[in-house]
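# Structural characterization, general
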Amino acid sequence: MAFSIISVSILAIAWANRSPSFIHIYVVIQCAGVDTLRDDSFAYADALKAVGVDVKTHCYKGVPHCFPSVIITHPQAPVFYERYNAFLIQHASSSTPRD
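Residues numbered from 1 in each chain as written. Predicted model: local features only at pLDDT ≥ 70, side-chain atom pairs only at ≥ 80, totals over all residues. Heavy atoms only, no water.

All right, on to the pairing of strand β2 (residues 54-60) then. Pairing geometry for strand β1 (residues 26-32) and β2, over seven bridges, is parallel. Residue pairing in the sheet places V28 in a bridge with K56 of β2. In this fold, β1 hands off to helix α2 (residues 38-50), which returns the chain to β2; that crossover is right-handed. (Pairing = 2+ DSSP bridges. Helix = DSSP H or I, 4+ residues; strand = E, 2+ residues; numbered from the N terminus. Right-handed = clockwise from strand over helix to strand, strands pointing away.)

Pasting the structure below:
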């Protein structure tokens, strides 16, 4: 079953204070500095942290919404994808990062 980002995050909030001790929820939020949703990203991160979710937030100054896919040559695009992939390797797979 596929989940949208919103449904997963709602589940994160719902389970954060009720989950067994062996379950830990991790979320990474990446936002663009000139995105109209930027402030919502920080508010959302704060709401998740308030219920015990482990959140890492990254904001990329001076770029618009969807910048990594729209401006693929922007110097911050590779950084965005490196953080995204590192998060997936660490939390969404059985693999460990390799040097």
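This part covers the confidence of the model for the protein chain. Residues of the protein chain with pLDDT of at least 70 account for 71%, and the chain-wide mean is 78. At the level of individual helices and strands, the protein chain shows its lowest average pLDDT in helix α1 (residues 5-16), which scores 56, and its highest in β2, which scores 92. Per-residue pLDDT stays below 50 along residues 1-7; that stretch engages in two contacts with residues further than four places along the chain or on separate chains. (pLDDT = per-residue confidence, 0-100. Contact = heavy atoms within 4.5 Å.)

All told, the structure shown has four aromatic pairs when counted by the stated rule. Look at Y60 and F67: their rings are 5.3 Å apart centre to centre, the planes differ by 50°, and that puts the pair in the tilted class. Judged by its relative accessible area of 2%, F67 is buried. Taken together, a centroid distance of 5.2 Å and an interplanar angle of 85° make the contact between F80 and Y81 edge-to-face. A relative accessible area of 17% places F80 in the buried class. Counting every residue linked through ring pairs, the aromatic cluster contains Y60, F67, F80 and Y81. (Phe/Tyr/Trp six-rings, centres within 6.5 Å; stacked < 30°, edge-to-face > 60°. Buried < 20%, exposed > 50% of the residue type's maximum accessible area, 1.4 Å probe, protein only.)

In this structure, I25, V27, I29, A45, L48, V51, V53 and V55 together form the largest nonpolar core, which totals eight residues. Discounting chain neighbours no more than four positions away, the residues touching V55 are V27, I29, A45, L48 and K49. With five residues, the next largest nonpolar core counts A32, V63, F67 and F80 among its residues. (Core = buried A, V, L, I, M, F, W, Y, C linked by side-chain atoms within 4.5 Å.)

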